[in-house]
Amino acid sequence: MNGRQWIVDAHHHVWDLSVRDQDWITGDELAPLRRTFTLADLEPEARAAGVRATVLVQTIAVPAETPEFLALAHDSDLVAGVVGWCDLTAPDIGDTLSALRELPGGDRLVGIRHQVQGEPDPAWLLRPDVLRGLRAVADAGLVYDLVVRAHQLPATAEAAALLPGLTFVLDHAGKPPVASGELHPWADDLRALAARPNTVCKLSGLVTEADVRSWTVNDLRPYADTVLDAFGPGRLMFGSDWPVCRLAATYAEVVDTARTLTETLTEDERHRVLAATAERVYGL
């Protein structure tokens, strides 16, 4: 495959409901996700779309999940990186991160994430115990994935300013209100975050922020154009958000949409969004 054609999927999940419940999958709208999704399910779809490497991202705040994901990566020639979970507020977080690195697949640990979107305190990231944990993530040479809602973006920008030595990766573009068509204040807060040089954004998750039954590429374009303008191709990376994306689109449709949304870029710029930024930021 030509070097400028391959894709890195910087954001996907797997889960096995026979191992543990995913308690966030509730209600009729999420019912299609209430089943087990494995790497064996993902791999043929990813390979067919030209994906040569992926980043497997945590789904639930359970310590056992990260070692399981590292083991999956260890035995996979597709999963090049794992964004895991650990308790940022734990006094021994540094030891925990070191221990994860010693496990099978520990060399694939590239980042840490916590479901900040579920925290009732919009300034959760600015708590002293959380900031201490984030410093430990930076000291371990890892990045921090941010899953936040649009109203939490201001605190995210402040945390990035306080911790210039840590790379923050914004998942799903901060979950903009695509379904309503509104751009502000999301766009203003996104640009404030992008002004911090230690921040990166994922072009991911937009299809499920739109109307999952009737979205079009044109619905997504104002939001994709905003993140491209704010972060630039060198700080933007593609992610499928599989299998969550299946609520609105197939894997192939998500990849094709990303290609369409980046079609005005140069070949080099597009390559950065579809592969090179993820390779650089996560050290794949």
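Placed above this text is the structure.
Not measured: the values here are computed from a predicted model.

Scoring rules and cut-offs
- Residues numbered from 1 in each chain as written.
- Predicted model: local features only at pLDDT ≥ 70, side-chain atom pairs only at ≥ 80, totals over all residues.
- Heavy atoms only, no water.
- Buried < 20%, exposed > 50% of the residue type's maximum accessible area, 1.4 Å probe, protein only.
- Helix = DSSP H or I, 4+ residues; strand = E, 2+ residues; numbered from the N terminus.
- Pairing = 2+ DSSP bridges.
- Right-handed = clockwise from strand over helix to strand, strands pointing away.
- Salt bridge = Lys/Arg side-chain N within 4 Å of Asp/Glu carboxyl O.
- Arc of directions from axis to C-beta.
- Contact = heavy atoms within 4.5 Å.
- 1 Å grid on protein atoms, 1.4 Å probe; cavity = no way out; pocket = protein on both sides within 12 Å on 5 of 7 lines; lining within 4 Å.
- Points joined across faces, edges and corners; volume = space filled by probe spheres on them.
- Nonpolar A, V, L, I, M, F, W, Y, C, P; charged D, E, K, R; others polar.
- Phe/Tyr/Trp six-rings, centres within 6.5 Å; stacked < 30°, edge-to-face > 60°.
- Axes fitted to C-alpha atoms, helices over the stretch in contact; angles between N-to-C directions.

**Comments concerning the pairing of strand β5 (residues 143-146)**
Every second residue of β5 is oriented toward a common face, with V143 and D145 on one face and Y144 and L146 on the other, all of them buried. Pairing between strand β4 (residues 109-114) and β5: 4 bridges, direction parallel. Considered in β5, the bridge of H114 is made with L146. With 3 bridges connecting them, β5 and strand β6 (residues 168-170) associate as parallel partners. Within β6, the position partnered with D145 by the bridge is V169. In the classification by handedness, the crossover that spans β5, the intervening helix α5 (residues 153-162) and the parallel β6 is right-handed.

**Description of the pattern of salt bridges**
Counting across every chain of the model gives 14 salt bridges. Among the ionic pairs, R47 bridges to E43, the shortest N-O distance being 3.1 Å. Placement of both R47 and E43 in helix α1 (residues 39-48) is noted, with a separation of 4 residues, approximately one turn of the helix. A salt bridge links E45 to R246; the nearest nitrogen and oxygen atoms lie 3.9 Å apart. Placement of E45 in helix α1 and of R246 in the loop between β8 (236-238) and α8 (251-261) is noted, with a sequence separation of 201 residues between them. Among the ionic contacts, a cluster of salt bridges with common partners joins R113, D145, D171 and K202.

**Section: unusual backbone geometry**
Backbone torsion omega between H184 and P185 reads 10°, so that peptide bond is classified as cis. Residue P243 is reached from W242 by a cis peptide bond, and omega for that bond is 0°. For H172, which is not glycine, the phi dihedral falls at a positive 55°. Counting through the fold element by element, H172 comes out in the loop between β6 and α6 (186-194). Here H172 falls in the buried class, since its relative accessible area comes to 6%.

**Considerations on helix α2 (residues 65-74)**
Those residues of α2 lying buried are E65, T66, F69, L70 and A73. Angularly, the buried residues of α2 cover 135° about the axis, an arc narrow enough to put them on a single face. Here the buried face of α2 lies against β2 (51-57), β3 (79-84), α3 (93-101) and β4.

**Concerning the layout of surface pockets**
Empty space within the largest pocket amounts to approximately 730 Å³. Around the largest pocket, the lining comprises 29 residues; the ones closest to its centre are W24, L30, K175, V244 and L247. Class assignment of the residues belonging to the lining of the largest pocket gives a composition of 11 nonpolar, 9 polar and 9 charged. Quantified by volume, the second largest pocket comes out at close to 220 Å³.

**Points about the packing of aromatic side chains**
One pass over the full model with this rule turns up 5 aromatic pairs. Taking 5.3 Å as the distance between ring centres and 90° as the angle between the ring planes, the aromatic pair formed by W15 and W24 counts as edge-to-face. Relative accessible area serves as the criterion here: at 30%, W24 is assigned to the partly exposed category. Ring plane angle 80° and centroid distance 5.5 Å describe the contact between W15 and F37, whose orientation is recorded as edge-to-face.

**Remarks on the sheet that holds β6**
The pairing of strands in a sheet comes from backbone hydrogen bonds and takes either a parallel or an antiparallel form. Spatial ordering of the open sheet is given by β1-β2-β3-β4-β5-β6-β7-β8, a layout of 8 strands whose pairing is parallel. Of all strands in the sheet, those bounded by a partner on one side alone are β1 (7-12) and β8. Adjacent strand axes in the sheet meet at a mean angle of 25°, parallel and antiparallel pairs treated alike. One ladder, built from 3 bridges, connects β6 with strand β7 (residues 199-203); its direction is parallel. Counterpart to L170 in the pairing with β7 is C201. Against the sheet, helix α9 (residues 267-282) contacts β1, β2, β3, β4, β5, β6, β7 and β8, and its axis sits at roughly 110° relative to β8.

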